[in-house]
Amino acid sequence: MESILGILFHSIGGFSSGSFYMPFKKVKGWAWESYWIVGGFFSWLIVPPLAAYLTIPNFAEIISAASPSIKAVTYSMGLIWGIGGLTYGLGVRYLGMSLGNSITLGFCSAFGALVPPIYYNFNPTTGKESFTEMASTSGGQLVLLGVLVCILGIVFLGKAGTLKEKDFAVGHEDKDQDFNLAKGLVIAIISGILSSFFNFGIEAGKTMADTANEAWKVLNPGQGEFLYQNNVTYVVLLWGGLTTNFLWCMYLNFKNKTFSDYTNKNTPIAKNVLFSAIAGTMWFLQFFFYGMGESKMGNGAGSWILHMSTIILTANFWGFYLKEWKGVSDKTYKVFFFGIALMFLSIVLVGIGNSL
């Protein structure tokens, strides 16, 4: 039952993340950097402490009491993750919602799932599963097989991108003018690797989550793990993401002379802020539910790859809704769907592996 609940929570979070970019498409007359940072204020500054306040008593005291080194490392992981978040937007621009998310988050899935247990192989930590320990159990072996299947899915999705590029080269000049496989793949790989640092940040700030968890368990004996324990870690982790994104967006506002967007009465300012706020809140909800799923399954390879795979599936739903694959050949469709099928299979394998 715990694994089923974990899969459910990760699926809800994945759907929220895979859908968060859609409200941005309702923003009119603003440059990318303007609506991105407005949404970011909700994602990284406003909603996280609000969620912590509503779910964790005295969360500010927990952060204050944590050692400076823990907060510094957690914040630093957020800074690096923030760069991945910035390049994510470019990956989607050049590859589209479906292919861009699939390849970017596929790399993020594999890298974020494998690096922590490999790290614990060289730095054994009580309560943390090393790669060797994973490989020595049937459940861990199934999780690793799921990671391998996920990587194989990336290969097929990359092939589908190559075929799509060929399909659109002749006779589809009006389709997806921004599509650029070479640029998109390079950016997606960089984004996928750097975005996985969010998972490392959760690990770095685990002491704060453990403090919240133990305090809750004292007041609620015999009721398992605290669903919302990670909400305190997110506050510090997302400060790092905010810093990176804020500096870059302010630079782009200056470079592109788009500071006027925020006061331009020729644009629907109130609606733009509203849709940006919805997008930003939806983005944060992915990790709100990730924390709930992690409390049921642990923050190992299983939780991370389940979360990322459900985002990929959701993003591909929106990709088809936006008709990004309209006009491609039957062969391209088949290769693409096979890649998605492999992604779905990886979710099933990881879910079963975690239940063993």
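Residues numbered from 1 in each chain as written. Predicted model: local features only at pLDDT ≥ 70, side-chain atom pairs only at ≥ 80, totals over all residues. Heavy atoms only, no water.

Comments concerning the nonpolar core
Then, in step 1: Membership of the largest hydrophobic core comes to 35 residues, with the highest contact counts inside it found for Phe 20, Trp 36, Phe 198 and Trp 283.
Then, in step 2: Contributions of two or more residues to this core are made by α2 (32-55), α4 (68-122), α8 (197-204), α10 (231-255) and α11 (269-297).
Then, in step 3: Looking at this core, the element that brings in the most residues is α11, giving 9 residues.
Then, in step 4: Core analysis: the next-biggest nonpolar cluster, separate from the first, contains 21 residues, Leu 181, Trp 325, Val 328 and Phe 336 among them. (Core = buried A, V, L, I, M, F, W, Y, C linked by side-chain atoms within 4.5 Å. Buried < 20%, exposed > 50% of the residue type's maximum accessible area, 1.4 Å probe, protein only. Helix = DSSP H or I, 4+ residues; strand = E, 2+ residues; numbered from the N terminus.)

Some words on helix α7 (residues 181-195)
Then, in step 1: Taking 1.5 Å per residue, 15 residues should reach 21 Å; α7 reaches 20 Å between its end C-alpha atoms and fits that length.
Then, in step 2: Within α7 the residues assigned to the buried category are Leu 181, Gly 184, Ile 187, Ala 188, Ser 191, Gly 192 and Ser 195. Considered in projection along α7, the buried side chains sweep an arc of 135° and stay on one side of the axis. (Expected span 1.5 Å × (residues − 1). Arc of directions from axis to C-beta.)

Observations regarding the environment of Glu 225
Then, in step 1: With respect to the helices and strands, the residue Glu 225 is situated in the loop between α9 (206-219) and α10.
Then, in step 2: Classification of Glu 225 by relative accessible area gives partly exposed; the value is 35%.
Then, in step 3: Taking the C-alpha atoms as reference, Glu 225 lies 9.8 Å from Asp 210; in sequence the two are 15 residues apart.
Then, in step 4: Of the polar contacts made by the side chain of Glu 225, one reaches the side chain of Lys 217; its length is 3.3 Å. (Polar contact = N/O pair within 3.5 Å; in protein donor to acceptor, adjacent residues only side chain to side chain.)

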